[in-house]
Amino acid sequence: MAVILKAKREVVGQNVLKVDGLPLATGQPKFTLDMDLPGALVGKILYSPYAHAEIVSIDTSEAEKVPGVACILHYGNVPRVPYTTAGQGWPEPSPYDTVLFDKKVRYVGDRVAAVAAETEEAALEALRKIKVEYKVLPAVFTVEEALAPGAPIIHDEEDAEGIYDAKRNIAAAVDVPIGNIEKGFAESDVVVEATCELPYSQHAAMEPHCVIAYFDEDGRLVIRSSTQVPFHIRRVVSRVLGIPIHRIRVVKPRIGGGFGSKQEIILEPVAAALALRTGRPVKMALSREEVFVSTRTIHPAKVRVKLGAKKDGTLHAIELEAILNTGAYGAHGGTTLYNVGSKALPLYNKARNLRFHGKAVYTNLPVAGAYRGYGANQGFFGLEIAMDMLAEKLGMDPIELRLRNHIRTGETSPIFEKLGEGREGKPQVIRSCALEECLRIGAERIGWYEKRRNPRRKGPWAYGVGLACAMQGSGITGVDMAAATLIMNEDGSFRLLVGATDLGTGSDTVLAQIAAEVLGVPVEKISVYSSDTDFTPFDKGAYASSTTYVSGNAVLKAAEEVKRQILEVASEILEEPAEGLILAGGKVVSERTGREVSLSEVGHRAFYVANQRQIAATASFACPESPPPFAAFFAEVAVDTETGIVRVEKFVVVADCGQPIHPKLAEGQLEGAVVQGIGHALYEEMLFSERGSTVNSTFFDYRIPTVLDVPEIEAILVPSDEPTGPFGAKSIAEVGIDGPVPAISNAIYHAVGVRLTRAPFTPERILAALRTKDKERKG
């Protein structure tokens, strides 16, 4: 259900048909590998079987004899150019600790060599015949081992750049004190502390990573990729292969999900290098097992939160420490670390004594990267567990404690200025916040007060309710920029060209709605073309919950300029001042006389009749601030005290994303994020052998929620009005994943009295906690 506060608009705020809905449903849009290129080679990668080793030698002679093999690449025959695989704006805050192929491997699944062959069978046979001699090195699989004195140094190469402390295996670190934290705790009447852990988990996007690289008729490199960041791919491939940017084109076709996994530049440089070496098209597609082993994961984290409060519940001191496992390479390590604090700490801004500190640590396990939530979900896990503990110690309802402390419209937090993403932030004032209303509605929909007072028991099943709050952001302040081009056709329709990347989120539809609202036409009159570095203007890509706010504002500015040009032409036709004309229903109408002219007449005149010109505009929007969406999460769970099984009975998520442009799409974002969060809470964890290899690298062994596991989810939008957003809008894509883990943990505690602080909350862990509680009760 969605509530719209502002006056009804024609397009914005309406559940219009997705611009690609019918084609998607009927299988028409072309995904990356749907393109048929005659003569394309198949690219495959040889992975390291060792977690940490030096390559003594590589012998490819037998592999080269396999019929159909066209090319084999490895460290010995490609240039060594350090870069980061993180798809971030320049200058990337992630360390340049990666090369195309290295003489050292740092995890099981690291790249050793790549083969291009006529068939997949020939490529795989060639991989088997590559002889590699390794010198196995000591490996570290936990952050504690990696930080221990004398631990093996994972990144000892001299040409790496941007590593915080390579000798201690620290990719990035942060320490931000505000006020006096020791004094703050000393002055507090109540102090609580919680340490929470999130493990390795996979994005599980429907479409695995895939790419096609080829040279067009002009000899320019074309990369067709399932990616979130086409413009960043162009820049990084240019650096790695030494090809000028103007000789590279990147196209993002339809994409089968990303969730952050495709904000990474993994296959594209390899495919491009193979195409460059052979002069032929190269296709690469990872298997599901390869996605698990060799792409990216969430950042596993241990988050410690200490809270100090006065007797009335007002927070006085907050300390947050985060230790992230960034795996073998540091892509997104520092920025995810910073986000743990920059997203979580401003939510409760009444405390004047703060400290956020932590490290992103290298280990010899798979590489962590961007994942929906991007540090906020790690931070809120710890913070919201601690808030529940504090409420219990104060004898206060958890909702009341949050209402007493959360940030409100017109307020700020010193964290905004101290912490950005991997760098200092900028001052910011909250201009819209409906979290109080979100809490009120969520409590009503879950039956909070009745169920808290009278928890149910039915045989071995104990029932409980729990909550959590969260906030996120809308783009990266001072970093993100997007542009849009809007062109009028002679029949009064329009072409919208945007670099923004639709991952299946519906951003093409949302951006079309913004343009259509300004121009007074239905969405059907807007043809959207997105994500082609040759034909669409620059956009930073689909990440940081930025598309609606950043790209949407660019579209809004372009549409306003096109509107101005249309009214100028219409004023010539109607012989009336443009100031007295409005756009509505595909026409320009005079407010004074009621005379009107159709947009097709306007287009025809501009093209052919008088003062001929193309009605068009390009506009850019650079993110001056990052207005946060807010959300309240309520979970009702049932716990089987005999087996430890947890069942989520109902989940209510209530969010403030400003004025939703397309309510149904926004609700869908919330629902999908909640399902992912339930997976993190109850099922998902990558497991590793003693030598560091992934042991559950298929969906048979790695559990994600199925349709049978998904409870009743009620997603509710409570609009505010964000004055800096397009038509009052803020982001919605990520905030929904931040709250399910702590909300479910808090609900389990309400049901059976055990505090689960390590996800996932498996039956074994719940039974162990219940046994411990029983032993403590018996003395």
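This structure is a prediction, so every number in the text was calculated from the model and none was measured.

Caption draft 1: Just the sheet that holds strand 4 (residues 104-105), in detail. Spatial ordering of the open sheet is given by 4-2-6, a layout of 3 strands whose pairing is antiparallel. Each edge of the open sheet carries a strand with a single partner, namely strand 4 and strand 6 (131-136). Direction of pairing for strand 2 (residues 53-59) relative to strand 6: antiparallel, over a ladder of 6 bridges. Bridge pairing in strand 6 places Glu54 opposite Lys135.

Caption draft 2: Here's a closer look at the sheet that holds strand 3 (residues 69-74). Across the sheet, which stays open at both edges, the 7 strands sit in the order 3-5-1-12-9-10-11 with mixed pairing between neighbours. Of all the strands in the sheet, the pair left with one neighbour each is strand 3 and strand 11 (248-251). For this sheet, the mean inter-axis angle between neighbouring strands, taken without regard to orientation, is 20°. Judged from the 2 bridges that link them, strand 1 (residues 41-47) and strand 12 (residues 282-285) form a sheet pairing that is parallel. Across the sheet, the residue bridging to Leu41 is Val282, located in strand 12. The strands touched by helix 3 (residues 120-129) within the sheet are strand 1, strand 3 and strand 5 (111-117), with strand 1 carrying the most contacts at an inclination of about 25°. Sheet contacts for helix 6 (residues 230-241): strand 10 (221-225) and strand 11; angle to strand 11, the most-contacted strand, approximately 145°.

Caption draft 3: How the structure looks around the domain arrangement of the protein. When cut into domains, the protein gives domain 1 (21-30 + 480-622), domain 2 (41-137 + 203-294) and domain 3 (431-473 + 627-779). Distance between the C-alpha centres of domain 1 and domain 2: 38 Å. Together domain 1 and domain 2 conceal approximately 1700 Å² of surface at their shared face, both sides included; 51% is due to carbon and sulfur atoms. The three residues of domain 1 that bury the most area against domain 2 are Leu503, Thr533 and Tyr543, which together make up 35% of that side's buried surface. At the boundary of domain 1 with domain 2, the tally comes to 4 salt bridges. Salt-bridge contacts for Arg220 lead to Asp534; the nearest nitrogen and oxygen are separated by 2.7 Å. Linking domain 1 with domain 2 are 11 residue pairs in polar contact (both at pLDDT 80 or more), by the criterion used here. Its residues placed into classes, the side of domain 1 that touches domain 2 shows 8 nonpolar, 8 polar and 7 charged.

Caption draft 4: Looking closely at the environment of Ala729. On the secondary structure map, Ala729 appears in the loop between strand 27 (712-717) and helix 19 (740-752). With 90 residues separating them in the primary sequence, Ala729 and Val639 have C-alpha atoms 39 Å apart. Apart from the residues lying within four places of it in its own chain, the contact partners of Ala729 are Thr548, Tyr549, Cys657, Gln659, Ile661 and Glu722.

Caption draft 5: Representation of the packing of aromatic side chains within the structure. Under the counting rule described, the total for this entry stands at 11 aromatic pairs. With centroids separated by 5.1 Å and ring planes inclined at 70°, the aromatic side chains of Tyr50 and Tyr134 adopt a geometry described as edge-to-face. One end of the pair, Tyr50, is in the loop between strand 1 and strand 2; the other, Tyr134, is in strand 6, and 84 residues separate them in sequence. Tyr50 gets classed as partly exposed once you look at its relative accessible area, which sits at 34%. Residue classification places Tyr134 among the buried residues on the basis of a relative accessible area of 18%. Ring plane angle 80° and centroid distance 6.4 Å describe the contact between Tyr107 and Tyr329, whose orientation is recorded as edge-to-face. Taken together, the residues Tyr107 in the loop between strand 4 and strand 5 and Tyr329 in the loop between strand 14 (315-327) and helix 9 (333-344) connect sequence positions 222 residues apart.

Caption draft 6: Representation of helix 19 in the model. End to end, helix 19 covers 18 Å across 13 residues, agreeing with the expected 18 Å (1.5 Å per residue, within 8%). Most of helix 19 sits out of view: 12 of its 13 residues are buried. For helix 19, every residue scored as buried is listed here: Pro740, Val741, Pro742, Ala743, Ile744, Ser745, Asn746, Ala747, Ile748, His750, Ala751 and Val752. Immediately downstream of helix 19, the backbone of Gly753 shows phi near 75°, a positive value.

Caption draft 7: Molecular detail of helix 13 (residues 435-446). With 12 residues, helix 13 extends 16 Å from end C-alpha to end C-alpha; this agrees with the ideal 16 Å at 1.5 Å per step. Three or more residues of helix 13 are buried, namely Leu435, Cys438, Leu439, Ile441, Gly442, Ala443 and Ile446. Packing partners of the buried residues in helix 13 comprise helix 11 (398-405), helix 14 (448-453), strand 17 (461-471), strand 25 (630-640), strand 26 (646-656) and strand 27.

Caption draft 8: Structural detail: the nonpolar core. Counting residues in each nonpolar core, the largest one holds 108 residues, and the members touching the most others are Leu307, Phe634, Phe651, Ile744, Ile748 and Phe761. At 10 residues, the largest contribution of residues to this core is made by helix 10 (residues 376-394). Not counting residues up to four positions away in its chain, the partners in contact with Phe651 are Phe633, Phe634, Ala635, Val674, Glu712, Ile713, Glu714, Pro740, Ala743 and Ile744. Formed by 50 residues, the second largest nonpolar core is a distinct cluster that contains Leu486, Val521, Ile661 and Leu665.

Caption draft 9: Layout of the packing of helix 16 (residues 547-574) against helix 17 (residues 599-609). Helix 17 packs onto helix 16 with a crossing angle of 90° between their chain directions and a minimal axis gap of 10 Å. With respect to each other, helix 16 and helix 17 are oriented roughly perpendicular. Contact residues: Ile566, Val569, Ala570, Glu572 and Ile573 in helix 16; Leu599, Glu601, Val602, Arg605 and Ala606 in helix 17. In terms of residue class, the contact of helix 16 with helix 17 is built from 7 nonpolar, no polar and 3 charged.

Caption draft 10: Structural context of unusual backbone geometry. With an omega of -5°, the peptide bond running from Trp90 to Pro91 counts as cis. Here Ala759 and Pro760 are connected by a cis peptide whose omega angle stands at -5°. With respect to the helices, strands and loops of the structure, Pro760 is situated in the loop between helix 19 and helix 20 (763-778). Even without being glycine, Phe259 reaches a positive phi, approximately 60°. Mapped onto the elements, Phe259 comes out in the loop between strand 11 and helix 7 (268-278). A positive phi angle is found at Ala544, which is not glycine, with a value near 60°. Position of Ala544 relative to the elements: it lies in the loop between strand 20 (526-530) and helix 16. Assessed through its relative accessible area of 17%, Ala544 is described here as buried.

Calculation notes
Residues numbered from 1 in each chain as written. Predicted model: local features only at pLDDT ≥ 70, side-chain atom pairs only at ≥ 80, totals over all residues. Heavy atoms only, no water. Pairing = 2+ DSSP bridges. Helix = DSSP H or I, 4+ residues; strand = E, 2+ residues; numbered from the N terminus. Axes fitted to C-alpha atoms, helices over the stretch in contact; angles between N-to-C directions. Contact = heavy atoms within 4.5 Å. Domains from an automatic or database assignment. Buried area = accessible area lost by both parts, 1.4 Å probe. Salt bridge = Lys/Arg side-chain N within 4 Å of Asp/Glu carboxyl O. Polar contact = N/O pair within 3.5 Å; in protein donor to acceptor, adjacent residues only side chain to side chain. Nonpolar A, V, L, I, M, F, W, Y, C, P; charged D, E, K, R; others polar. Phe/Tyr/Trp six-rings, centres within 6.5 Å; stacked < 30°, edge-to-face > 60°. Buried < 20%, exposed > 50% of the residue type's maximum accessible area, 1.4 Å probe, protein only. Expected span 1.5 Å × (residues − 1). Core = buried A, V, L, I, M, F, W, Y, C linked by side-chain atoms within 4.5 Å. Parallel < 35°, antiparallel > 145°, perpendicular 65-115°, else oblique.

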